[in-house]
Amino acid sequence: MIRRQRSTLSVPGHSEKMLKKAFELAADVVMLDMEDSVPLEAKSAARELVTAALKNVENWNGGISVRVNSVDTPYCFRDVIEVAQAAPAKIDSIVLPKVDSAGDVHFLSRLLDGIEAETGTQTPIAIDASIESAIGIENIAEIASAPRVRSLIFGIADYSASIGARLSSISGHGENEEEMYPGHRWNFAMSKIVQTAKAHNLLAIDAPYGSFRDLQGLVKSAKIASALGFDGKWAIHPGQIETINGVFSPSQEEIDRANRVLAASKAALGGAAAIDGRMIDKATVRLAQKLIDSI
Ligand code: COA
Ligand code: MG
């Protein structure tokens, strides 16, 4: 079950070793990947290994997602059918990459309708829609309204290729960006994703930071995402999980302050009050309550 989604560890589906290790780590969600971390010749092996890993997983308290290939490939339908038929109760969500329109999500949702009816699955498998193209951004509100969608993901590398922007590296936002553009280049796309996700009561999840030995860069990238309203970020390496969980968790100081805001507001019977020389009103109280609820 997915309780919170600060970190999502992407695990190459053709690596038996990594599939085993993933469930010994502290990611909130493990995402078994059959898409871009898997070479074409290993697509079928990845399906089998992912299915076996799902069947074998026990005593795992976090969430489990599976990333299938995009709907325009020869792999997608078989990925979904084989994996979801074999272990439907183990999968919390399917990550659908390169979602360009709501139709992509409807296709997957219909396929899951059939599989769930056949297997008698009680809890429906959710869909995480990865927005990775200019057209995906254009159609984002319809995508967010499509059935089963629980989160929108920002796929920065493919998005950047789609709009013809240069990536300073494959690492995603935050690395060497200052030399390329004064300001934060990804602000528009990221804010659009957050705004749409929140308008539809979905989570917003940020892409991974590829330079996995650079923890300082990761902190910066995760903090930008968190400041913009993202709920979590992908990890591609075990060494990134703790850092991501830390950035997306409120600090003790923030928790204490939120509790003081709630207490002061209660004392003022919900009206305006002051703490530390700053005014607090209903909006401040809502923010404080949201922070406490997220723990
Ligand atoms: N999931 C689970 N285990 C992982 C892992 C992952 N994503 N990445 C590394 N590990 C394991 C390694 O197997 C190794 O295990 P060991 O200590 O038992 O030998 C340990 O963590 C340390 O790994 P390290 O040697 O530092 O890295 P590596 O060279 O083995 O792997 C990458 C580096 C980038 C190839 C690897 O992290 C990876 O494939 N990441 C996922 C990429 C991905 O999913 N991309 C698509 C998402 S956008
Ligand atoms: Mg991608």
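A. Local environment of the coordination of the magnesium ion (ligand 2). Those donors, Glu132 (OE) and Asp158 (OD), are the protein atoms that reach the magnesium ion (ligand 2), and they lie 2.1 to 2.2 Å from it. Linking glutamate 132 in the loop between strand E5 (126-131) and helix H5 (134-138) with aspartate 158 in helix H7 (residues 156-163), this pair joins segments that are 26 residues apart in sequence. Residue class for glutamate 132 comes out buried when judged on its relative accessible area of 6%. Here aspartate 158 falls in the partly exposed class, since its relative accessible area comes to 28%.

B. Just the site of ligand 1, in detail. The environment of ligand 1 is formed by 16 residues, the closest being Ser10, Lys17, Arg213, Ile236 and His237. Here serine 10 contributes a side-chain N or O atom positioned 2.5 Å from an oxygen atom of ligand 1. Isoleucine 236 places a polar main-chain atom, nitrogen or oxygen, 2.8 Å from a nitrogen atom of ligand 1. Protein chains bury 64% of the 890 Å² of accessible surface belonging to ligand 1 in isolation. Secondary structure elements with two or more residues in the shell around ligand 1: strand E1 (7-12) and helix H1 (16-22).

C. Layout of the nonpolar core. Counting residues in each nonpolar core, the largest one holds 64 residues, and the members touching the most others are Leu32, Leu54, Leu152, Phe154 and Phe230. Sequence-distant contacts of leucine 152, defined by excluding residues within four places in its chain, comprise Ala129, Ile131, Ile140, Ile143, Ala144, Ile193, Thr196, Ala197, Leu202, Leu203, Ala204 and Ile205. If you look at the next biggest cluster of nonpolar residues, it comprises 9 residues, including Leu262, Ile275, Val285 and Ala288.

D. Spotlight on the packing of aromatic side chains. Enumeration over the complete set of coordinates arrives at 4 aromatic pairs. Where phenylalanine 23 meets tryptophan 60, the ring centres are 5.4 Å apart and the plane angle is 80°; that geometry is what we call edge-to-face. Highlighted residues: phenylalanine 23 in the loop between H1 and strand E2 (29-33) and tryptophan 60 in the loop between helix H2 (43-56) and strand E3 (63-67), separated in sequence by 37 residues. Considering the side-chain rings of phenylalanine 154 and tyrosine 159, the 5.7 Å spacing of their centres and the 65° angle between planes classify their relative orientation as edge-to-face. Accessibility classification places phenylalanine 154 together with tyrosine 159 in one group, the buried group. Among the aromatic residues, those joined into a ring-pair cluster are Phe154, Tyr159 and Trp186. Lysine 43 extends its terminal NZ or CZ atom over the ring of tyrosine 75, reaching a point 5.6 Å from the ring centre.

E. Broad picture of the domain arrangement of the chain. According to the domain assignment, the chain consists of domain 1 (7-249) and domain 2 (253-293). Relative to domain 2, the C-alpha centre of domain 1 lies at a distance of 34 Å.

F. Inspection of the sheet that holds E3 at higher detail. The parallel closed barrel is built from 8 strands, whose spatial order is E1-E2-E3-E4-E5-E6-E7-E8. In this sheet, neighbouring strand axes are inclined to one another by 25° on average, regardless of whether the strands run parallel or antiparallel. Both E1 and E2 contribute to a ladder of 5 bridges, which runs parallel. Paired with serine 10 across the strands is methionine 31, a residue of E2.

Thresholds, definitions, all that
Residues numbered from 1 in each chain as written. Chains lettered and ligands numbered in written order. Predicted model: local features only at pLDDT ≥ 70, side-chain atom pairs only at ≥ 80, totals over all residues. Heavy atoms only, no water. Donors = N, O, S within 2.8 Å, 3.2 Å for Na, K, Ca; no water. Helix = DSSP H or I, 4+ residues; strand = E, 2+ residues; numbered from the N terminus. Buried < 20%, exposed > 50% of the residue type's maximum accessible area, 1.4 Å probe, protein only. Near = heavy atom within 4 Å. Polar contact = N/O pair within 3.5 Å; in protein donor to acceptor, adjacent residues only side chain to side chain. Areas by Shrake-Rupley, 256 points an atom, 1.4 Å probe, with all protein chains shown as cover. Core = buried A, V, L, I, M, F, W, Y, C linked by side-chain atoms within 4.5 Å. Contact = heavy atoms within 4.5 Å. Phe/Tyr/Trp six-rings, centres within 6.5 Å; stacked < 30°, edge-to-face > 60°. Lys NZ or Arg CZ within 6 Å of the ring centre and 35° of its normal. Domains from an automatic or database assignment. Pairing = 2+ DSSP bridges. Axes fitted to C-alpha atoms, helices over the stretch in contact; angles between N-to-C directions.

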